[in-house]
Structure formats: structure tokens, C-alpha cells
Amino acid sequence: MPNRTDQPEPEDRANTLWGGRFSGGPAAIMRRINASIAVDKRLYAEDIAGSLAHCAMLVARGIIPPEDGAAIARGLEQIRGEIESGAFRFSAANEDIHLNIEARLAELIGPAAGRLHTARSRNDQVATDFRLWVRGAIDRIDAALCDVQAALIGQAEAHADTVMPGFTHLQIAQPVTLGHHLLAYVEMLGRDRSRFADCRRRLNECPLGAAALAGTAFPIDRDMTAQALGFERPAANSLDAVSDRDFAIEFLAAAALAGTHLSRFAEEIVLWTSDAFGFVRLSDAFTTGSSMMPQKRNPDAAELVRAKTGRLTGALVALLTVMKGLPLAYQKDMQEDKPPVFEAADALELSLAATAGVVRDMRPDRARLAAAAARGYSTATDLADWLVRVAGVPFRQAHHMTGEIVKRAEATGCALAELPLAELQAIAPAITSDVYEALIVERSIAGRTSFGGTAPSRVREAAAAARRRFLA
């Protein structure tokens, strides 16, 4: 006995879109796997924009009558209003956003609606819609990235001279300033913005007019539709135009890397707000409590930003896997291109908003940061540099001597600046009392004046330059 899901429902005996080739309707499970309206209804604005541009071109080229073009345009604008007001009824029976809009257009204006699809396929239609959507998402994400940069630059300016430990291997390495540390993330996000901009530039070609895969015999004007939709040019090859999803993969790659940068910052916030570090504090606005432990203040905003990177990376891998074995041209597999892109865009936009909020909310503990910067013999490199610069000792020899001095300080349980001069000279005879100036954390930081260095004067210059480069 056949499974009930293998039987077509009475109202679905034949799909009018497929015409006379099919006499029966799809099985219920076929309708379920084939329908994408639950996902691609997000493309309604782009689909209507593309249809309006296509319609205007058909009229201008004399392919459809002006009165039909006017009726189509009025109908599409009415449908836009219905969708935006929530009055539009999306139907899974119509599979996707394109057929939902087309079916409603036929209800509104009658047979003239059927002229809209002249010289067009769903293949070039969805490729155009999707490019328009990704282009808009890039513009939103660029603005959000810029906002995080603005928050970081503001904090960097406020803390250009706030001393903190710099780390390698999560071990205290050399003292730096908090402003310098935060500006490192400004640079990362700047590269992210550049990658998205590159992606936007490459995707800005219009697939409309490629039709199903081979172009069309109608005398269309592809430059007209491309210009109307804000594209730089029509896509050059009809096969590539309908089958290309490089732009979506590039978008996801840029999103995954941006998410990685946000995750690195989020991890530092998680560490810095812990009792073990105590470097910064977040307010109630960006922390949560515990259902059991009343003393807890958890940096959940940062933790969730850190976690969402997994969604971004997963989205990239998912679409790469979908595309890796597809021959030209369009394949139904490509219907699976939109869920990862939509999910990634949502996750990244939310993460960026949360990160900007966390940056503006955090309150550094200057005393705790300064105390930590003085630990771990963080000025040992300054001692080695002093031996090179003042005493003329070759750096490798100075490095060895400094290691011996650090070992001596560890044995006696004191800081480098607390070792008596005689003990320093027992290891490095060229040392004089002037060396103690080099062992002061603030002096160490102030001396790092090379371009891109951590000296407060350089940090203020860098923050001002970042404002000009990224926020102007």
C-alpha cells in the first residue's frame, strides 16, 4: 500500500508554472522539500525591485504593452504594501517568494500579470534578488562594524595612558596601554570592512537577462535593468550569471573572519571581567546573574558573541559543501544557499551590536591593570635593551644576562627594581644605578615611541588617525 505522502493532494494535480508537461501534482513530501517560501520570503523587497526594473525595460523595448506594464507596476506596489503591513498571505503551495508574488499579481490584475515573466527565468530572477539582498546586508554590516570601531576608538582615547600588561602565550610579556590594545581590534575590523567592500564590488553585476542559462531571443536591454537596480554592469556570461554563488561564499568568508575577531575580543572580556583578572567591569546592562548563586555576575553578552562564531564558520562550510560538486548551470541544490547566508547575516549583525554595547559599557580598573602590568618581570626586555643601548652589550649576551637577573629576582622573591645594585652588577658588571629608571613600568611604556608602538603619545596619534581612516 503506498505511503500517503506519495499521493498528490487534490488541489495540486498539476502546477500551472510547469505547464502541459505535468498532468499530476507532486507528492506531499516533494512539496515540503521543494518549498522555500519560509526562508526566501525575506527577498520580497528585492524581488519586487527586480520585477519593477524588468517590467520597465520590457515596456521601453516594446516587448509588452505600456498599459500592461503600468498595471504590473501598480500591482507590484500594492503587493509590497500588503507584505509590509502584514496583510499578505504567503502560501507554501506557491513554493517560493517569486511564485507567491506572481500568483498575487495575477489575482490583482488578471492575465496581464503573465507578461511580467517574458524574457526572464526564476534562475536569473533569484540570482538577482540574492545579490541585491547580500549587497544590502553588506551595507548594514559595514555600518555596524564602523560603530564598533567608533566605540573602541573612544575607549582608546580615554585610556591612551592606562597601563596594562601585554601578553604572549597568555603570560605577562611587556607593559602596554589599554588604548593600544583596543586599537588592535580597530585594525582587525578595518580589514573586515575592506573584505566586505571587496565582496560588494565583485558581486555588483546584474544577472537579469541571463534567463534560464542561455540568454533570450527577445531584444532586451540588460544595461537598463542593471542601472535601474544600482549594479555596475550586467553579468558577462549567462551560464555564470545564474550558477555563480561566489558572492555568497565570499560574504560568508568575510563574516566568519569578522566573527573570529569579535570572538577574540569577547574572550578577552570574559577573562578580564573574571575575579582572577579583574581588569574591567560591566554593568547590569550587559551581564546576567545566576539562578542559584546570588553573587554571580556573568559576561553573557560576550560569551554569546563568542559562541555565534560557530554559526558563522558553519554557514561558510555549509555553502562551500553545497557548491563544491555542481555542474553548470543552475541546480536545485542552490536553493540551499540562502539559509546559511541569512543566518550568518543575522548572527553577525547581532554580535556587532552587542560588542559595541559591551565596549561602551566596560569600565577598566586602572589600579588593577597597573598592578598586573608590574608583575611577571614585565620590564625585563627594557633591562636587556638598556644593556645594549647604554652599556654596548650585544643583544644576545644582554638577553642571557637579563635571564640570569630574572632568575635571581625569582629566587629572592622580589621585583627587578628591588634587586640591590651589587647583585645586578654581579651578573652584568656594566650596570649602573641609572638602570632603575628603565625598570619603571610607566617609563617602559613611554619609551615605546616607534610607529605603531604603545607609548601614550603614539596611541593618541593612532586613535586620531583611526578616526580619519575609518570614521570620516
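Structure's up top.
Being a predicted model, the structure only gives us computed values, none of them experimental.

(A) Quick peek at the nonpolar core. Counting residues in each nonpolar core, the largest one holds 93 residues, and the members touching the most others are V134, L152, F196, F251, V341 and L348. If you tally residues by element for this core, the top one is helix α10 (residues 246–272), at 15 residues. Every residue in contact with L348, bar those within four places of it in the chain, is listed here: I141, F196, A255, A258, G259, L262 and L312.

(B) The arrangement of the side chain of D337 in detail. Topologically, D337 is positioned in the loop between α11 (300–323) and α12 (338–361). For D337, a relative accessible area of 0% corresponds to the buried category. Of the polar contacts made by the side chain of D337, one reaches the side chain of R245; its length is 2.6 Å. Ignoring anything within four residues of it in the chain, the contact list for D337 reads F130, R245 and L319.

(C) Spatial organisation of the layout of surface pockets. Considering only enclosed or pocket space, the largest pocket measures out at about 660 Å³ in volume. Lining the largest pocket are 27 residues, and of these H180, H181, L183, A184 and G452 sit closest to its centre. When grouped by side-chain class, the residues that make up the lining of the largest pocket number 13 nonpolar, 7 polar and 7 charged. The computed volume of the second largest pocket comes to approximately 390 Å³. Around the second largest pocket, the lining is made up of 15 residues, and of these T273, S274, D275, R281 and R297 lie nearest the centre. Residue composition of the lining of the second largest pocket, grouped by class: 4 nonpolar, 6 polar and 5 charged.

(D) Summary view of the environment of P456. Secondary-structure assignment places P456 in helix α19 (residues 456–471). Every residue in contact with P456, bar those within four places of it in the chain, is listed here: A160, D161, T177, I445 and A446.

(E) Just empty space enclosed by the protein, in detail. One pass over the full model with this rule turns up 3 cavities of 30 Å³ or more. Put simply, the largest cavity is a space of about 50 Å³. Lining the largest cavity, in full, are D47, S51, L76, H98, I101, E102, L105, L116, H117, R120 and Q125. Broken down by element, the lining of the largest cavity gets its largest block of residues, 4 residues, from helix α5 (residues 97–109). Computed from the structure, the second largest cavity encloses a volume of approximately 40 Å³. V148, L152, Y185, L189, H261, L262, F265, T355 and V359 are the residues that line the second largest cavity. Mapped by element, the contributors of at least two residues to the lining of the second largest cavity are α6 (122–158), α7 (178–203), α10 and α12. Per element, the largest residue contribution to the lining of the second largest cavity is 3 residues, and it comes from α10. Residues that form the lining of the second largest cavity fall into these classes: 7 nonpolar, 2 polar and no charged.

What counts, and at which threshold
- Residues numbered from 1 in each chain as written.
- Predicted model: local features only at pLDDT ≥ 70, side-chain atom pairs only at ≥ 80, totals over all residues.
- Heavy atoms only, no water.
- Core = buried A, V, L, I, M, F, W, Y, C linked by side-chain atoms within 4.5 Å.
- Buried < 20%, exposed > 50% of the residue type's maximum accessible area, 1.4 Å probe, protein only.
- Helix = DSSP H or I, 4+ residues; strand = E, 2+ residues; numbered from the N terminus.
- Contact = heavy atoms within 4.5 Å.
- Polar contact = N/O pair within 3.5 Å; in protein donor to acceptor, adjacent residues only side chain to side chain.
- 1 Å grid on protein atoms, 1.4 Å probe; cavity = no way out; pocket = protein on both sides within 12 Å on 5 of 7 lines; lining within 4 Å.
- Points joined across faces, edges and corners; volume = space filled by probe spheres on them.
- Nonpolar A, V, L, I, M, F, W, Y, C, P; charged D, E, K, R; others polar.

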